[in-house]
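One letter stands for each residue in the lines below.
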Amino acid sequence: MKIIDLRSDTVTKPTQIMREAMLNAIVGDDVYQDDPTVIRLEKMAAEMVGKESALFVPSGTFGNQLALLTHTNRGDEVILEANCHIKKYEVAGAAVIAGVQLNSIEGVKGEMDLSKIKQAIRSEDIHFPKTSLICLENATGLGTLLSLDYMEKVANIAKEADIHIHLDGARVFNAATALNVDALEICKHVDSVMFCLSKGLCAPIGSMLAGSKKFINKARKNRKLMGGGMRQVGIVAACGIISLEKMSKRLTIDHENAFYLADKLEQIPGFHVDRERLNINMVFVTVDDNINFPENYSELLFEKGIKVNGYRGEEMRFVTHNDIERSDIDYFVNILKTII
Ligand code: TLP
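All figures in this text were calculated on a predicted structure; none of them were measured in a lab. (Residues numbered from 1 in each chain as written. Predicted model: local features only at pLDDT ≥ 70, side-chain atom pairs only at ≥ 80, totals over all residues. Heavy atoms only, no water.)

(A) Focus on the sheet that holds strand E10 (residues 282–287). Strand order in the open sheet made by the three strands is E9-E10-E12, with antiparallel pairing throughout. Of all the strands in the sheet, just strand E9 (271–273) and strand E12 (316–319) have a single pairing partner and so form its edges. The sheet shows a mean angle of 30 degrees between the axes of neighbouring strands, direction not considered. Of the pairings in the sheet, the one linking E9 to E10 comprises three bridges and is antiparallel in character. Paired with His 272 across the strands is Thr 286, a residue of E10. Contacting E9, E10 and E12, helix H12 (residues 251–266) runs over the sheet at an angle of about 15 degrees to E10. (Pairing = 2+ DSSP bridges. Helix = DSSP H or I, 4+ residues; strand = E, 2+ residues; numbered from the N terminus. Axes fitted to C-alpha atoms, helices over the stretch in contact; angles between N-to-C directions. Contact = heavy atoms within 4.5 Å.)

What follows is the structure, encoded as structure tokens:
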């Protein structure tokens, strides 16, 4: 039975072309910077986001935490949105690895108020930590987008205060697709960007951290410190090249499938899609209290070959990706109707 997995786009399997590329990849020792496939991937990644250099890292979390470690000094303060991945879902890595304090601002749809950012930047005072970084996320994990105009305004604030900006661009190619721009238009407003190859872009492993040559040289050493110096990793980087060349160009299909899924879910009485957060490949749904929604619904769906995250009475998230077709969506919605 085909498993239809709507939990995340992290579940995507490498494509047949990726599997063949892995088999044929020319490799070397990447800690010696000897792996031609990694070198090619890093060059391509840097160009696509308009930065001087890029570095292959094992995961998105690794790339974000490496960026924090490289941009800051211990005891500095970082400004970011309260619901962002770095704050919420990275196991307090910022405290453990970079040793920084997070100053989070509750945003609206992932967007921090500009005046609140300005207020959060510390002045010179014996009591205060130094504000050394602002982190943004685009697309956000809430399914929303930061506009180019907003990003430019944050960049101007940061420039004035001589602070760097790091972008968690785990889904920057989804953001670029939805905003109908090149990823480099988004990334020109930040000093560093992390983006994932292993989500909608289907690589089995890996993310990229990009920035200035100086920043990436420093990050390369910090990557070693964090245990992320990998050896014949061209075997995986070969998939990343296909992610960038090919898979980054097909994300519209996932987005259109998310809209299709949203339309279908809205036809179920008592189901509500958050339309304002329907921009990329994520559909957020709430269900009216009076709907008889079985608590073990994810188990019931799994019996029919569908994987979703467990329902805890709050919002549900369904994510479309390369392994989800329209017929899978039809099947899922029909099964869902039968169990409620
Ligand atoms: N997000 C995962 C979970 O960790 C929540 C998901 O299923 O969406 N930044 C953003 C915005 C992310 O959404 C994620 C993963 C990461 C960073 C971390 O990437 P990985 O999983 O490669 O460490």
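(B) Representation of helix H8 (residues 172–179) within the structure. Burial in H8 covers these residues: Val 172, Phe 173, Asn 174, Ala 175 and Ala 176. Against the buried residues of H8 lie helix H2 (36–48), strand E6 (164–168), helix H9 (183–187), strand E7 (192–196), helix H11 (234–245) and H12. Phi turns positive, to about 60 degrees, at Asn 180, one or two residues after H8. (Buried < 20%, exposed > 50% of the residue type's maximum accessible area, 1.4 Å probe, protein only.)

(C) Just the packing of helix H3 (residues 60–71) against helix H10 (residues 213–225), in detail. Taken N-terminus to C-terminus, the directions of H3 and H10 make an angle of 115 degrees; their axes are 9 Å apart at the nearest point. In this structure, H3 crosses over H10, and the sense of that crossing is right-handed. Residues Phe 62, Leu 66, Ala 67, Leu 69, Thr 70 and His 71 of H3 touch H10, and the partners they reach there are Phe 215, Lys 218, Ala 219, Asn 222, Arg 223 and Leu 225. Of the residues assigned to the contact of H3 with H10, the class counts are seven nonpolar, three polar and two charged. (Left-handed = near helix turned anticlockwise from the far one by under 90°. Nonpolar A, V, L, I, M, F, W, Y, C, P; charged D, E, K, R; others polar.)

(D) Main features of the site of the ligand. Around the ligand sit 13 residues, and of these Ser 8, Gly 60, Thr 61, His 85 and Asp 168 come closest. Gly 60 is positioned with one of its backbone polar atoms (N or O) 2.8 Å from an oxygen atom of the ligand. A distance of 2.7 Å separates a nitrogen atom of the ligand from a polar atom in the side chain of Asp 168. In this structure the site holding the ligand corresponds to the largest pocket. It is H3 that provides the largest number of residues to the shell around the ligand, a total of three residues. Of the residues in the shell around the ligand, the class split is one nonpolar, six polar and six charged. (Near = heavy atom within 4 Å. Polar contact = N/O pair within 3.5 Å; in protein donor to acceptor, adjacent residues only side chain to side chain. 1 Å grid on protein atoms, 1.4 Å probe; cavity = no way out; pocket = protein on both sides within 12 Å on 5 of 7 lines; lining within 4 Å. Sits in = over half its atoms within 2 Å of the grid points.)

(E) Highlighting the side chain of Ser 248. When you line up the elements, Ser 248 lands in the loop between H11 and H12. Within polar-contact distance, the side chain of Ser 248 engages the backbone oxygen of Leu 244 at 2.6 Å. When sequence neighbours within four positions are dropped, the list of residues in contact with Ser 248 reads Met 48, Phe 173, Thr 177, Leu 201 and Ser 243.

(F) Layout of H11. Its 12 residues place the ends of H11 16 Å apart at the C-alpha level, agreeing with the 16 Å of an ideal helix rising 1.5 Å per residue. Summarising burial for H11: 10 of the 12 residues are buried, a large majority. Every buried residue of H11 is listed here: Gly 234, Val 236, Ala 237, Ala 238, Cys 239, Gly 240, Ile 241, Ile 242, Ser 243 and Leu 244. Here the buried face of H11 lies against helix H1 (16–24), H2, strand E2 (53–57), H8 and E7. (Expected span 1.5 Å × (residues − 1).)

(G) Quick look at the environment of Ala 170. Within the secondary structure, Ala 170 sits in the loop between E6 and H8. Once the C-alpha coordinates of Ala 170 and Lys 199 are considered, the two residues, 29 residues apart in sequence, prove to be 7.9 Å apart. Sequence-distant contacts of Ala 170, defined by excluding residues within four places in its chain, comprise Met 194, Phe 195, Cys 196 and Lys 199.

(H) Broad picture of unusual backbone geometry. For the bond from Asn 138 to Ala 139, the omega torsion is -5 degrees, close enough to zero to count as cis. The topology assignment puts Ala 139 in the loop between strand E5 (131–137) and helix H7 (148–161).

(I) A look at the environment of Arg 74. Considering the arrangement of structural elements, one finds Arg 74 in the loop between H3 and strand E3 (77–81). The residues contacting Arg 74, other than those within four sequence positions of it, are Ile 97, Ala 98 and Gly 99.

(J) Quick look at the pairing of E5. Most of E5 is tucked away, with seven of its seven residues classed as buried. Two elements, E3 and E5, share three bridges in a ladder whose sense is parallel. By the bridge assignment for E5, Glu 77 is matched with Thr 131. In this region the chain leaves E5, passes through H7 and returns to the parallel neighbour E6; the handedness of that crossover is right-handed. (Right-handed = clockwise from strand over helix to strand, strands pointing away.)

(K) Highlighting the layout of surface pockets. Here the largest pocket is characterised by a volume of approximately 870 Å³. If you trace the largest pocket, you find 37 residues lining it, with His 85, Tyr 89, Gly 141, Phe 284 and Arg 317 closest to the centre. Within the residue set of the lining of the largest pocket, elements represented by two or more residues are H3, helix H4 (85–88), E7 and E12. A breakdown of the residues in the lining of the largest pocket according to their chemical character gives 13 nonpolar, 13 polar and 11 charged. Here the lining of the largest pocket gathers at least three residues from each of two domains, domain 1 (16–246) and domain 2 (250–338). (Points joined across faces, edges and corners; volume = space filled by probe spheres on them. Domains from an automatic or database assignment.)

(L) Broad picture of the domain arrangement of the protein chain. Looking at the protein chain, the domain boundaries give domain 1 (16–246) and domain 2 (250–338). One C-alpha centre belongs to domain 1, the other to domain 2; they are set 29 Å apart. The interface of domain 1 with domain 2 comprises 18 residues on the first partner and 13 residues on the second. Between domain 1 and domain 2, roughly 1,200 Å² of surface is buried when both sides are summed, and carbon and sulfur atoms account for 60% of that area. Summed over the shared surface of domain 1 and domain 2, the number is one salt bridge. Residue Lys 109 pairs with Glu 276 through a salt bridge whose shortest N-O separation is 2.9 Å. One can count four residue pairs in polar contact (both at pLDDT 80 or more) joining domain 1 with domain 2. (Buried area = accessible area lost by both parts, 1.4 Å probe. Salt bridge = Lys/Arg side-chain N within 4 Å of Asp/Glu carboxyl O.)

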